[in-house]
Amino acid sequence: MIKGNTLPEVGLLLYPGVRTAAVYGMVDLFEAANEIARRRSGNAVSGIRVSQWKITGDGEIECAVDTHEGTGHRPVAIVALPGLGALPSREISARFAPWLRRQHEEGATLCSVCAGAFVLAETGLLSGRPVTTHWSFAQALAQRFPDIEIDTGQMIIDGGDIITAGGIMAWTDLGLTLVERLLGPAVMLETARFLLVDPPGREQRYYSSFSPNLRHGDEAVLKVQRWLQEQEAGEGDLQPVSLSEMAGQAGLEERTFLRRFHKATGFKPTEYFQHIRVNKARGLLEMTNRNVDQVAWSVGYEDPAAFRKVFFKVTGLSPRDYRRRFATRQAA
């Protein structure tokens, strides 16, 4: 929690393609937190200062909007929010990189939400560090920046001087994380209650679906992936599939298949099929009234306890809790 008379300043990047809804939403979140902080402290000038930064025609970074105009800037945090449409290009991101590195050197915490991670990564400051982004962008981020450790299971990864958030709407999680850091946990919790949003602590894997890599170029492995997807999409129960069956589909010896499958997908074949089974179980929990044991049997688990263990490992929720969160009204 920041103390003293100087308001902590949070800067928002207005890079080309940024989602303006996220910009306005974060501004509103901070204003709600400010009103709560002022009421709790009795100090009419307490709170968070918010500035917005854009690239000028000559390539300089300048403040475009400021809640406290006319005073000098020293942001304690800079946020790259989600983009709209195409991912931020390397050309656009590189124009912000020197300024972001300088802000970081002067003590600012660099933050991103969703595709904003591509902007931060261009600085080189994410190298070798665990970060998160939207689960559907993980492969693209890894391909562009192979030295980054990507963990899309987490909604927020707080590394102190670097904070990354996952999904498009994770600006609420990041905003509340900054409120807690700058105004204290009591203000953060009251802000979350006022806005009717969950406090930070959710995990992105609650929401993500299995999105395997199908663009690796290994036709034998791709044949097996498509065959497994056909099993998942079938109307009947999902039957167990052995390693030898998968290798047979690929037309490869088992050891060769294991090596090539892992290289192409990043998973062992058994792990991959585990995700296929959990993905089908998600749909059954969301759309049907089958009990958890029946769902386990429907995706090929004879032991429902083993299914519960695997389901929690992949999603971070028990099957019962997952259904409570995501079941349609008809299936609930």
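Given the structure is predicted, the values throughout are model-derived calculations rather than measurements.

Between helix 8 (residues 243–250) and helix 9 (residues 254–265), the shortest axis-to-axis distance is 9 Å and the interhelical angle comes to 85 degrees. Put simply, helix 8 runs roughly perpendicular to helix 9. Each of Leu243, Ser244, Met246, Ala247 and Ala250 in helix 8 lies in contact with helix 9, whose residues at this interface are Glu254, Phe257 and Leu258. Each residue belonging to the contact of helix 8 with helix 9 can be placed in one class, and the counts come to six nonpolar, one polar and one charged.

So, on to the pattern of salt bridges. Applying the stated rule across the entire model yields twelve salt bridges. A salt bridge links Arg39 to Glu190, with the shortest nitrogen-to-oxygen separation between them at 2.2 Å. Taken together, the residues span a long stretch of sequence, with Arg39 in helix 1 (residues 20–41) and Glu190 in helix 6 (residues 185–195) at a distance of 151 residues. The class of Glu190 is buried, set by a relative accessible area of 17%. The salt bridge partner of Glu122 is Arg90, with a shortest N-O separation of 3.2 Å. Here the residue Glu122 occupies a position in the loop between helix 3 (116–121) and strand 6 (130–131), and Arg90 occupies one in helix 2 (residues 90–105), the gap between them amounting to 32 residues. The partly exposed category is assigned to Arg90, whose relative accessible area is 40%.

Our next topic: the sheet that holds strand 8 (residues 156–158). In spatial order, the strands read 3-2-1-4-5-9-8; together these seven strands make up an open sheet with mixed pairing. Looking along the sheet, the strands with just one partner apiece sit at the ends: strand 3 (61–66) and strand 8. Strand-to-strand twist across the sheet, computed as the mean angle between neighbouring axes with direction ignored, equals 20 degrees. Pairing of strand 1 (residues 9–13) with strand 4 (residues 77–80), which is carried by three bridges, proceeds in the parallel orientation. Of the residues in strand 4, the one forming a bridge with Gly11 is Ile78. Of the strands in this sheet, strand 1, strand 2 (49–55), strand 3, strand 4, strand 5 (109–113) and strand 9 (162–165) touch helix 2, which is tilted by about 140 degrees from strand 2. Docked against the sheet, helix 5 (residues 171–183) engages strand 1, strand 4, strand 5, strand 8 and strand 9, running at close to 155 degrees with respect to strand 5.

One can find Arg215 in the loop between helix 6 and helix 7 (219–233). Distance from Arg215 to Ala264, taken between C-alpha atoms, is 8.7 Å for residues 49 residues apart in sequence.

In this structure, Trp297 sits in helix 11 (residues 292–298). Separated by 58 residues in the primary sequence, Trp297 and Gln239 have C-alpha atoms spaced 9.1 Å apart. Setting aside chain neighbours within four positions, we find Trp297 in contact with Glu302 and Pro304.

Calculation notes
- Residues numbered from 1 in each chain as written.
- Predicted model: local features only at pLDDT ≥ 70, side-chain atom pairs only at ≥ 80, totals over all residues.
- Heavy atoms only, no water.
- Axes fitted to C-alpha atoms, helices over the stretch in contact; angles between N-to-C directions.
- Helix = DSSP H or I, 4+ residues; strand = E, 2+ residues; numbered from the N terminus.
- Parallel < 35°, antiparallel > 145°, perpendicular 65-115°, else oblique.
- Contact = heavy atoms within 4.5 Å.
- Nonpolar A, V, L, I, M, F, W, Y, C, P; charged D, E, K, R; others polar.
- Salt bridge = Lys/Arg side-chain N within 4 Å of Asp/Glu carboxyl O.
- Buried < 20%, exposed > 50% of the residue type's maximum accessible area, 1.4 Å probe, protein only.
- Pairing = 2+ DSSP bridges.

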